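# Working through the structure, step by step
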Amino acid sequence: MRIDKYLWCVRYYKTRNMVTEACKKNHITVNGQVAKPSKEVFPTDRITFRKDQITQIITVLDIPQSRVGAKLVDIYRKNETPPETYAHLELLKLSKEHYRKSGTGRPTKKDRRDIDDYGDEIHEEDQDEI
């Protein structure tokens, strides 16, 4: 099976076109060699690719006939990505949350909604007192 079709079938990419673009940018390697989208993959091949700031490492266990459900993906691949990389991704997410301190600069959409809700609560309390 072609590498682009395989990675699409095991649900690492949403479309085959996204896999093709990743191959063209040399983000995908098979057994240590840069892969073109038409590269054939076989069981026991080791695929390394970078997606969402994580270098994923998977081993092909079997070739699916077509795109499989999320629960069946583990039949066709073995994820060998170190757990530290997922911990690093969580750390990146937390650092992005603290990048913009609340109350600095222009309010975000969520901030504005919170302010509006607070104003509505005060207005309702005033109506209850009257």
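Residues numbered from 1 in each chain as written. Predicted model: local features only at pLDDT ≥ 70, side-chain atom pairs only at ≥ 80, totals over all residues. Heavy atoms only, no water.

Quick note on the threshold: UniProt positions are given in the numbering used here, feature names are shortened, and annotations may be inferred rather than shown by experiment.
Under an unreviewed UniProt entry, the name given to the protein is RNA-binding protein, and the source organism is Flavobacterium chungangense. Its UniProt record gives the protein the following Sequence similarities (unreviewed entry) comment, quoted word for word: "Belongs to the HSP15 family."

## Notes on the overall build of the protein
Rules: A run of DSSP states H or I qualifies as a helix once it reaches four residues; a run of E qualifies as a strand once it reaches two. Both are numbered from the N-terminal end. Burial status follows relative accessibility: with a 1.4 Å probe on protein chains alone, a residue under 20% of its type maximum counts as buried, one over 50% as exposed, and anything between as partly exposed. Contacts are assigned to residue pairs with any non-hydrogen atoms lying within 4.5 Å of each other. The Shrake-Rupley method, run with a 1.4 Å probe sphere, supplies the accessible areas, and residue values consider only the shown protein chains as cover.
In terms of regular secondary structure, the protein is built from 5 helices and 5 strands. In the protein, the order of α-helices and β-strands from amino to carboxyl end is α-α-β-β-β-β-α-β-α-α. Split into buried and exposed, the 130 residues of the protein put 27% on the buried side. Restricting to contacts in the protein with at least 6 residues of sequence separation, those with at least 24 account for 41%. Of the accessible surface of the protein, which amounts to about 9,600 Å², a share of 52% is contributed by carbon and sulfur atoms.

## What about the packing of aromatic side chains?
Defined as follows: Under the pairing criterion, centres of Phe, Tyr and Trp rings, with the six-membered ring standing for Trp, must be within 6.5 Å; the plane angle then separates stacked pairs below 30 degrees from edge-to-face pairs above 60, leaving the rest tilted. Charges are assigned to positions over rings by a cutoff of 6 Å between ring centre and Lys NZ or Arg CZ, combined with an angular limit of 35 degrees from the ring normal.
Applying the stated criterion to the full structure yields 2 aromatic pairs. Both rings, one in Tyr13 and one in Phe49, keep their centres 5.9 Å apart while their planes meet at 45 degrees; by these two values the pair is tilted. With Tyr13 in the loop between α1 (3-9) and α2 (16-24) and Phe49 in strand β3 (residues 46-51), this pair connects stretches of sequence that are 36 residues apart. Residue Tyr13 shares its accessibility class with Phe49, and that shared class is buried. Among the aromatic side chains, those forming a connected cluster through ring pairs are Tyr12, Tyr13 and Phe49. Lying across the ring of Tyr13, Lys51 places its NZ or CZ 5.4 Å from the centre.

## Considerations on the pattern of salt bridges
The line we're drawing: What makes a salt bridge here is a side-chain nitrogen of Lys or Arg within 4 Å of a carboxyl oxygen of Asp or Glu, nothing more.
A complete count under the given rule lists 7 salt bridges for this structure. A salt bridge links Arg77 to Asp74, with the shortest nitrogen-to-oxygen separation between them at 3.0 Å. Here Asp114 ties to Lys110 by a salt bridge, and the two come within 3.2 Å at their closest N and O atoms. With Asp114 and Lys110 both in helix α5 (residues 109-129), this residue pair falls 4 residues apart, about one helical turn. Among the residues examined, Lys110 registers a relative accessible area of 56% and is labelled exposed.

## A few points about the side chain of Asp45
This is how it is decided: When charges are counted, neither His nor the chain ends are considered; positive counts come from Lys and Arg and negative counts from Asp and Glu. In the analysis that follows, any N or O atom pair within 3.5 Å is treated as a polar contact, provided that within protein one partner can donate a hydrogen and the other can accept it, and provided that, for residues neighboring in sequence, both atoms belong to side chains.
Here Asp45 lies in the loop between β2 (33-34) and β3. As a buried residue without a salt bridge, Asp45 has its nearest oppositely charged side chain in Lys39, at a separation of 6.1 Å. Polar side-chain contacts of Asp45 include one of 2.8 Å to the backbone nitrogen of Phe42. Contacts of Asp45, omitting those with residues within four sequence positions, involve Val30, Asn31, Glu40, Ile58, Thr59 and Val60.

## Some details on the nonpolar core
What counts here: Grouping buried Ala, Val, Leu, Ile, Met, Phe, Trp, Tyr and Cys residues that are joined through side-chain atoms within 4.5 Å yields what is termed a nonpolar core.
One finds Ile3, Tyr6, Leu7, Tyr13, Ile28, Ile47 and Phe49 to be the most contacted residues of the largest nonpolar core, which totals 22 residues. Those elements that provide at least two residues to this core are α1, α2, β1 (28-30), β3, β4 (54-60) and α3 (73-76). The dominant element in this core, judged by the number of residues it contributes, is α1, at 4 residues. The residues contacting Ile47, other than those within four sequence positions of it, are Ile3, Tyr6, Leu7, Ile28, Thr29, Val30, Val41, Gln56, Ile57, Ile58 and Val60.

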